Amino acid sequence: MFIVHRVFIGMSKKDMQFKALVDAYYKSLYRYAFWLTSDESIAEDLVQETFMRAWRSLDSLQNEQAAKSWLITILRRENARRFQRKSLEYADLSVDELEDQTHSFDVSTDVDAIRQALYKLSDKYREPLVLQVVMGFSQEEIASEMGLPINTVATRLRRARLQLKELLGDDHIKQGVNRRGL
């Protein structure tokens, strides 16, 4: 007990605030980053970069209730920067010749079908659905994060679910895919 108390005495208020943010949001941010990238190491890098930027700008966080949205915004921008910095090499290959080796997650038929169906949704429908299902955001939080009216978010979530249902077909819905929160 004395050792733990002594460690906290040496920590500044900023250090303790930052530690609380990491403890509270690391797992959620990693889950979201992994969903975005489908790659463990890239997801870890994104979360690390997110927290580094958060540390530098911690003094600008005025409302601790908004920390989750603030961190998600940083992570989304970091993910976008990842593509800005990257120069892609192109090759003349058909899609049939490419092998997908990014499956370090559950590749069961249902999960793969859901993931593929999600990627077929347009960004305006996919993003709010992922924020709700993966990150656990409420409709109000999604509206705030995306800068949209709450009615628009509700409509997009409903349309996203309807499109997923159509893409997945009745077989997946009957088999219990819907239990995953979709």
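Residues numbered from 1 in each chain as written. Predicted model: local features only at pLDDT ≥ 70, side-chain atom pairs only at ≥ 80, totals over all residues. Heavy atoms only, no water.

A.B. asks: Any chance you could explain the packing of aromatic side chains here in plain terms?
C.D. replies: The geometry of two aromatic rings is summed up by the distance between their centres and the angle between their planes. On inspection of all chains with the given rule, the structure shows six aromatic pairs. For the ring pair Tyr-26 and Tyr-30, a centre distance of 6.5 Å and an interplane angle of 10 degrees mean the geometry is stacked. Pair noted here: Tyr-26 and Tyr-30 are both in helix H2 (residues 13-37), with a separation of four residues, about one helical turn. Taken together, the ring pairs in this structure connect Phe-18, Tyr-26, Tyr-30, Phe-34, Phe-51 and Trp-55 into an aromatic cluster. We note Lys-14 situated over the ring of Trp-55; from NZ or CZ to the ring centre the distance is 4.3 Å. (Phe/Tyr/Trp six-rings, centres within 6.5 Å; stacked < 30°, edge-to-face > 60°. Helix = DSSP H or I, 4+ residues; strand = E, 2+ residues; numbered from the N terminus. Lys NZ or Arg CZ within 6 Å of the ring centre and 35° of its normal.)

A.B. asks: Explanation requested: the side chain of Thr-50 in the structure shown.
C.D. replies: Residue position: Thr-50 is located in helix H3 (residues 40-56). A polar contact of 2.7 Å, which involves the side chain of Thr-50, links it to the backbone oxygen of Leu-46. Discounting chain neighbours no more than four positions away, the residues touching Thr-50 are Leu-29, Leu-71, Ile-74, Leu-75 and Glu-78. (Polar contact = N/O pair within 3.5 Å; in protein donor to acceptor, adjacent residues only side chain to side chain. Contact = heavy atoms within 4.5 Å.)

A.B. asks: Quick question: what am I supposed to make of the nonpolar core here?
C.D. replies: Inside soluble globular proteins, nonpolar side chains tend to come together where they are buried. Formed by 40 residues in total, the largest nonpolar core has its most connected members in Leu-21, Leu-29, Trp-70 and Leu-71. The element contributing the most residues to this core is H2, with eight residues. When sequence neighbours within four positions are dropped, the list of residues in contact with Leu-21 reads Tyr-26, Phe-51, Leu-58, Leu-61, Ala-67, Trp-70 and Leu-71. (Core = buried A, V, L, I, M, F, W, Y, C linked by side-chain atoms within 4.5 Å. Buried < 20%, exposed > 50% of the residue type's maximum accessible area, 1.4 Å probe, protein only.)

A.B. asks: Just to check I follow, could you spell out H2 for this structure?
C.D. replies: An α-helical turn contains 3.6 residues, so a residue and the one three or four places further along point in the same direction. For H2, spanning 25 residues, the distance from its first C-alpha to its last is 34 Å, which sits close to the expected 36 Å at 1.5 Å a residue. Turning to H2, its buried residues are Gln-17, Phe-18, Leu-21, Tyr-25, Ser-28, Leu-29, Tyr-32, Ala-33, Phe-34, Trp-35 and Thr-37. The positive-phi residue at the C-terminal boundary of H2 is Ser-38, with phi of around 60 degrees. (Expected span 1.5 Å × (residues − 1).)

A.B. asks: When you look at helix H7 (residues 139-146) in this model, what are you seeing that I'm missing?
C.D. replies: Within the span of H7, buried status applies to Ile-142, Ala-143 and Glu-145. The buried residues of H7 occupy an angular sector of 165 degrees when the element is viewed end-on, so they sit on one face. In H7, the exposed positions that point more than 90 degrees away from the buried face belong to Glu-140 and Ser-144. (Arc of directions from axis to C-beta.)

A.B. asks: I'm lost on the pattern of salt bridges in this one. Help?
C.D. replies: Side-chain pairs of opposite charge can arise whenever the charged atoms involved come near each other. Scanning the model with the defined rule gives six salt bridges in all. For Lys-19, the salt bridge is made with Asp-23, and the minimal N-O distance between the two is 2.8 Å. You can see Lys-19 and its partner Asp-23 sitting in helix H2, four residues apart, about one turn around the helix. Overall, the relative accessible area of 55% leaves Asp-23 in the exposed class. (Salt bridge = Lys/Arg side-chain N within 4 Å of Asp/Glu carboxyl O.)

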